[in-house]
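Summary of the model geometry
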Amino acid sequence: MKQQPTKVAVLFSGRGSNLKTLAEHMAQANVPAELTLALSNRPKAGGLDYCARQGIAHQAIDHKLFESRESFDAELDATLRAAKIELVCCAGFMRLLSAGFVEAWRDRIINIHPSLLPKYKGLHTHARAIEAGDSVHGCSVHYMRPEMDEGPVIVQKQVPIMPEDTPDTLAERVLQQEHIAYPEALDAVLKKMASPA
Ligand code: GRF
């Protein structure tokens, strides 16, 4: 039995490959964290099927059913608090969170972004890196701040951009690194939470 593992929630919107990587990482006996809840804002997200197959507690909170960003975020906040979540990992969570929500979870909410931040905040990062003629690209795991894709970087991984790359081939190369970066970042954050400076 793990001793008082940190209760982690993963927020996601789609296929959930980063969710799967994090779930597998937390299932290891030497990682002092448990995936307490996986939450999607899209009821049809593929990651929910994965959770059902694996017996991971999961829930969809459909943002379309809420009148405002703030009311959705309030429901998210209440759900996380009811589950006694201590750390939130956004993994392909394609929804902006309100400043109030992010501040309430400050330093207890992290995100993965498919670029070498501060480059290419926002969408279509792979196409933008190719168009710019960059020779390297990559991913970043960072603490979230109210401004989109802002916040202290925890881990970054680089990949080369090949002359023949399309956004899809580059995305695939970056995704492989995302699956290395996120567990590393989680370990670093857990360590920091256990002994804050
Ligand atoms: C990842 O590339 C993530 O960085 C981006 O969305 C993608 C989600 O992939 N924001 P998955 O759902 O984790 O497979």
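Not measured: the values here are computed from a predicted model.

As for the site of the ligand
Taken together, the neighbourhood of the ligand is formed by Arg15, Gly16, Ser17, Asn18, Gly92, Ile112, Pro114 and Glu178. At 2.5 Å from an oxygen atom of the ligand is found a side-chain nitrogen or oxygen belonging to Ser17. Take Asn18: an N or O atom from its main chain is 2.9 Å from an oxygen atom of the ligand. Coverage of the ligand by the protein amounts to 86% of the 370 Å² it exposes when considered alone. Among the residues making up the shell around the ligand, the classes are represented as 2 nonpolar, 4 polar and 2 charged.

A short note on the side chain of Glu178
Following the sequence through the fold, Glu178 ends up in helix α6 (residues 167-194). One buried charge, Glu178, has no salt-bridge partner; the nearest side chain with opposite charge is Arg15, at 6.3 Å. Among the polar contacts made by the side chain of Glu178, one reaches the side chain of Asn18 at a distance of 3.0 Å. Apart from residues no more than four positions distant in its own chain, Glu178 is found in contact with Asn18, Ile112, Pro114, Cys139 and Pro183.

So, the state of the cysteines
Enumeration over the complete set of coordinates arrives at 0 disulfides. Considering cysteine sulfurs only, Cys89 is the nearest to Cys90, which forms no disulfide, with 7.9 Å between them. With a relative accessible area of 1%, Cys90 lands in the buried category.

Observations concerning the sheet that holds strand β2 (residues 33-40)
Strand order in the open sheet formed by 7 strands is β3-β2-β1-β4-β5-β6-β7, and the pairing between neighbours is mixed. Strands at the two margins of the open sheet, each flanked by one partner only, are β3 (58-60) and β7 (153-160). Geometrically, the sheet is characterised by an average inter-axis angle of 20 degrees between neighbouring strands, direction not taken into account. Pairing between strand β4 (residues 87-90) and strand β5 (residues 109-113): 3 bridges, direction parallel. Of the residues in β5, the one forming a bridge with Val88 is Ile109. Strand contacts of helix α2 (residues 46-54): β1 (6-12), β2 and β3, with the helix running at about 150 degrees to β3, the strand carrying the most contacts. The sheet contacts of helix α3 (residues 69-82) involve β1, β2, β3 and β4, and relative to β2 the element is tilted by about 155 degrees.

Cut-offs applied
- Residues numbered from 1 in each chain as written.
- Predicted model: local features only at pLDDT ≥ 70, side-chain atom pairs only at ≥ 80, totals over all residues.
- Heavy atoms only, no water.
- Near = heavy atom within 4 Å.
- Polar contact = N/O pair within 3.5 Å; in protein donor to acceptor, adjacent residues only side chain to side chain.
- Areas by Shrake-Rupley, 256 points an atom, 1.4 Å probe, with all protein chains shown as cover.
- Nonpolar A, V, L, I, M, F, W, Y, C, P; charged D, E, K, R; others polar.
- Helix = DSSP H or I, 4+ residues; strand = E, 2+ residues; numbered from the N terminus.
- Buried < 20%, exposed > 50% of the residue type's maximum accessible area, 1.4 Å probe, protein only.
- Lys, Arg positive; Asp, Glu negative; His and termini not counted.
- Salt bridge = Lys/Arg side-chain N within 4 Å of Asp/Glu carboxyl O.
- Contact = heavy atoms within 4.5 Å.
- Disulfide = S-S within 2.5 Å.
- Pairing = 2+ DSSP bridges.
- Axes fitted to C-alpha atoms, helices over the stretch in contact; angles between N-to-C directions.

Everything listed here is a matter of coordinates, which is why it stays silent on function.
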